[in-house]
Amino acid sequence: QTAAAYDGMDAAIKESVGREEGRGENMSEEAKPNGGVDIAIEEKPKVVLDQANDIPAPDSNAATLHEVHHVGDNVEGSIPAAPVDTATSHPNDQNGAQDQDIETGTPSTTDSDDRVNVNFRPGAYMVRGPGYEAAQEEEEKEEEIFEGFLPEPSREDILRREAQAMLDSAITLDESNVRVVPLSKDDDASEGIGGRDVGVTTTPNDNIAQDDEDCAHEVEVEEEGGPEGGLKKSVKSPMACIVLTSLLLSSIALSVAIGSKDAAVSSTDETCVVENFQERYDRARSIVSGITSNDTLANVTSPQNKALKWLVCHDRISSSLIDRAARLSSSSGSAPPPLPTQSHGSIIAGNSGESQVLRRYALAVFFYSTSESGPWTEQWNFLSGEKHECAWHTNITRLSFVFTNFEPTGFLCLENVTHPAGAIILNDGEVEVGQMQLSFQTPNNLTGTIPPEFGHIQGMTHVGLQYQKGLYGPIPSTIGNLVGLQTFSVLFAGPQFGGVIPSSLFTIPTVEYITFQYNEGRFSFPPSINSQGTHSLLGLIIQSSGLSGTMPSFLSEFPSMRELSVEDGSLEGTIPDSFGALTSLDFLNLRDNSLSGTLPESLGRLSKVTAIVLGKNKLS
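My aim in this report is to walk through the structure given alongside it, one point at a time. What you see as residue numbers is a count from 1 along each chain, following the sequence as written. Totals for whole chains, interfaces and linings use all residues, but because this is a predicted model, local features are given only for residues with pLDDT of at least 70 and pairs of side-chain atoms are given and counted only at 80 or more. Heavy atoms throughout the structure, all of them, feed into the side-chain values; hydrogens and water do not.

## Details of the nonpolar core
The set of buried Ala, Val, Leu, Ile, Met, Phe, Trp, Tyr and Cys residues whose side-chain atoms join them within 4.5 Å is what this entry labels a nonpolar core. Throughout, exposure labels follow a simple rule: accessible area from a 1.4 Å probe, protein chains only, divided by the maximum for the residue type, with under 20% read as buried, over 50% as exposed, and the rest as partly exposed. Residues Phe382, Phe411, Leu438 and Leu564 are the most contacted members of the largest nonpolar core, which totals 89 residues. Numbering of helices and strands runs from the N terminus, with a helix taken as a DSSP run of H or I at least four residues long and a strand as a DSSP run of E at least two residues long. For this core, the element with the highest residue contribution is helix H11 (residues 353-369), accounting for 10 residues. Every residue pair with non-hydrogen atoms within 4.5 Å of one another is taken to be in contact. In this structure Leu564 touches Leu540, Leu555, Phe579, Leu582, Leu585, Phe587, Leu588 and Asn589, once residues within four positions along its chain are discounted.

## A look at helix H7 (residues 278-288)
Note: α-helices contain 3.6 residues per turn, so residues at a spacing of three or four share the same orientation. If you check which residues of H7 are buried, you get Arg280, Tyr281, Arg283, Ala284, Ile287 and Val288. End-on, the buried residues of H7 take up no more than an arc of 165 degrees, which puts them together on one face. The reported arc concerns the directions from the helix axis to the C-beta atoms and nothing else.

## Description of the pattern of salt bridges
For salt bridges, the criterion is a side-chain nitrogen of Lys or Arg within 4 Å of an Asp or Glu carboxyl oxygen. Counted according to the given criterion, the structure contains 8 salt bridges. A salt bridge links Asp323 to Arg280; the shortest N-O distance between them is 2.8 Å. Pair noted here: Asp323 is in helix H10 (residues 316-332) and Arg280 is in helix H7, with a separation of 43 residues, a long-range link. Arg360 is paired through a salt bridge with Asp315; the nearest N and O atoms lie 2.8 Å apart. Of this pair, Arg360 sits in helix H11 while Asp315 sits in the loop between helix H9 (303-313) and H10, and the two are 45 residues apart along the sequence. Three or more residues joined by partner-sharing salt bridges are found here, namely Asp315, Arg359, Arg360 and Glu389.

## Thoughts on unusual backbone geometry
Positioned with a positive phi, Asn445 is a non-glycine residue whose angle comes to about 60 degrees. Tracing the backbone through its elements, the reader meets Asn445 in the loop between strand E12 (435-440) and strand E13 (447-448). With a relative accessible area of 34%, Asn445 lands in the partly exposed category.

## Examining a nonpolar patch on the surface
Within the patch definition used here, like charges are joined within 9 Å and nonpolar side chains (Val, Leu, Ile, Met, Phe, Trp, Tyr) within 5 Å, considering only residues with over 30% relative accessible area and no salt bridge. Areas reported as accessible are Shrake-Rupley estimates using a 1.4 Å probe. Residue values count occlusion only from the protein chains shown. A surface patch of nonpolar side chains, about 250 Å² in accessible area, is lined by Ile347, Ile348 and Val483. Mapped onto the fold, Val483 is located in the loop between strand E15 (470-471) and strand E16 (487-491). Since its relative accessible area comes to 57%, Val483 is described here as exposed.

## Remarks on the environment of Leu555
With respect to the helices, strands and loops of the structure, Leu555 is situated in the loop between strand E21 (548-550) and strand E22 (563-567). When its relative accessible area of 0% is taken as the criterion, Leu555 is described as buried. For the pair Leu555 and Leu540, spaced 15 residues apart in sequence, the C-alpha to C-alpha distance is 9.4 Å. Contact partners of Leu555, with chain neighbours within four places excluded, come to Phe525, Leu540, Met561, Leu564, Phe579 and Leu582.

## Here's the deal with the side chain of Gln342
Summarising the element assignment, Gln342 is placed in the loop between H10 and H11. Among the polar contacts listed, one links the side chain of Gln342 to the side chain of Arg359, at a separation of 3.5 Å. In this structure, Gln342 is in contact with Gly350, Asn351, Ser352, Ser355, Gln356, Arg359 and Asp428, ignoring residues within four places of it in sequence. Throughout this description, a polar contact denotes any pair of N or O atoms lying within 3.5 Å of each other; where both atoms belong to protein, one of them has to be capable of donating a hydrogen while the other can accept it, and for residues adjacent in sequence the pair is counted only when both atoms sit in side chains.

## Some words on the packing of aromatic side chains
Side-chain rings of Phe, Tyr and Trp (the six-membered ring for Trp) are treated as a pair once their centres are within 6.5 Å; stacked means planes under 30 degrees apart, edge-to-face means over 60, and tilted covers the remaining angles. Per the counting criterion, the structure on display carries 18 aromatic pairs. Seen in terms of ring centroids, Phe506 and Phe554 are 5.5 Å apart; in terms of plane orientation they differ by 70 degrees. Their pairing is edge-to-face. Separated by 48 residues along the polypeptide, Phe506 in helix H12 (residues 503-506) and Phe554 in the loop between E21 and E22 bring together distant segments of the chain. The burial state of Phe506 is the same as that of Phe554; both residues are buried. These aromatic residues form a ring-pair network of at least three members: Trp310, Phe366, Phe367, Tyr368, Trp376, Trp380, Phe382, Trp392, Phe440 and Phe454.

## Section: the pairing of strand E20 (residues 539-543)
In regular strands, side chains alternate between the two faces of the sheet. By the criterion of burial, E20 is predominantly enclosed, with 5 of the 5 residues buried. Side chains of E20 alternate between two faces, with Gly539, Ile541 and Gln543 and Leu540 and Ile542 buried alike. For two strands to be treated as a pair, DSSP must find no fewer than two bridges joining them. Pairing of strand E18 (residues 513-517) with E20, which is carried by 5 bridges, proceeds in the parallel orientation. Each residue of the ladder has a partner; that of Ile514, found in E20, is Leu540. By the bridge criterion, 5 bridges tie E20 to E22 in an arrangement that is parallel. Note that in E22 the partner of Ile542 across the bridge is Val566.

This is the structure we're talking about:
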């Protein structure tokens with residue numbers, strides 16, 4: 001707008017000059033101003049102002065703006081005076097010059113120093129001096145660099161890009177790359193899309209290393225014409241064969257990448273031919289028959305049968321132990337010797353090869369038994385035949401960080417035998433395994449029962465089942481075979497999981513804490529236990545788990561117990577008088593049940609107790 005205003009001002013000046021010249025030609029010498037001398041009015045160069053709206057750069061002879069400064073909301077500037085039209089100048093103007101305000105179009109006067117005042121619009125202005133070249137501004141501009149971070153592409157994306165790049169660079173069929181092969185009359189033409197006959201065949205070649213003209217698998221395209229006059233065109237370029245082979249390998253790799261999540265799940269009995277490993281199968285069956293009956297193993301639909309076949313066909317670690325023992329027996333001609341020992345084994349279960357085979361078999365049975373409605377949501381490396389069972393877990397993020405910055409879920413091993421959050425190890429290659437934990441802390445679509453083989457996961461020290469709503473049935477009584485078990489907990493189980501808590505769980509000498517909390521099913525105490533002397537139970541917590549029946553008196557056989565919390569259940573009857581023998585008890589909570597009767601006087605002998613909670617009962 002500023003430039004347009006100055007163009008209009010120049011036009012007015014030129015028009016004024018023209019009128020003056022025309023009038024001068026008709027005037028006498030005496031009437032002309034300045035004593036009859038023609039007035040030579042020199043046209044001043046226009047001023048070009050650069051503003052934010054990219055006004056073109058000024059001419060090389062543009063005048064320089066002498067002054068620019070802010071006055072209120074406007075910017076005043078001074079430019080060289082325009083020519084004076086004496087004939088049209090207003091009589092009230094001091095210097096006889098007239099211009100217009102750029103925005104309002106109203107006249108503006110000149111300063112005494114022969115400079116015209118121009119009222120500019122508010123904003124930032126940059127005025128170039130004489131000799132400025134517009135190209136200089138382009139040269140001074142630096143290329144803008146934008147920096148940022150793109151997400152790392154997945155392997156699936158990389159494979160797709162490589163495959164697309166191969167397609168983009170693939171050669172096309174032209175006459176120089178094809179050779180004519182006559183069709184026999186007996187050839188069958190397959191009808192393609194839109195009535196076009198397209199047949200894809202392969203040409204056998206016994207010697208792949210022959211001349212480059214002969215590709216091991218030539219792609220032949222049958223053209224229109226039928227068996228009488230039809231022609232086959234086959235790619236004879238070696239580069240075409242390479243491209244097609246690369247595309248085939250990329251598609252295979254892509255399918256493997258997509259299907260890797262369920263790769264281990266597909267390793268079931270359907271892909272196992274036992275006859276191919278008969279000797280190994282017989283030896284493995286003789287080992288696991290100590291914890292599983294032969295009838296159950298013979299049932300092809302049982303989880304035990306599937307686990308045995310997985311052990312024989314897909315478990316590389318167990319198969320290696322069995323095969324090494326078979327080679328030793330064949331070389332000596334004697335009966336099969338014991339399996340080779342593990343690297344270091346477990347502090348609790350020892351290092352025998354049979355112990356590891358049984359542990360892996362029992363974990364596999366647990367997997368198949370709890371996969372009735374399909375595979376787990378996450379496999380957590382279970383049934384990875386090439387990995388030690390200590391690596392059958394994954395790390396997740398939780399609000400509570402027992403293991404520093406992550407929480408492992410699955411089957412994990414610790415070096416330290418006492419500390420519950422020690423160093424996690426993935427195998428026994430360097431040290432003995434101190435602890436083995438089955439820790440399921442997130443929902444994982446476990447549906448089914450806990451099999452009896454669960455109690456034969458040798459060396460297992462901790463069991464934690466949380467949020468597995470699909471489990472049903474009772475806890476197997478074989479749980480008492482876990483001689484090194486220290487903690488057992490079930491939290492947030494579904495409504496079909498429950499029953500009588502096995503008495504064998506209370507008789508494990510090493511067990512310290514038994515916990516059932518916030519379960520939807522119904523549980524009850526066993527009527528009695530077969531006490532075997534020493535017990536290590538420190539805490540029994542059963543809360544909001546539908547506990548019914550009566551308070552058992554055998555709980556007084558745990559003198560080392562510090563916490564007994566049986567809350568929000570349906571227990572009836574009286575508080576046993578034998579509870580006075582729990583001399584180490586610190587906290588007793590029997591709140592929100594249906595207990596009745598009077599408090600036994602024996603509770604007065606609990607000298608270490610700090611709190612007893614008995615509210616919401618029928619006590620008197």
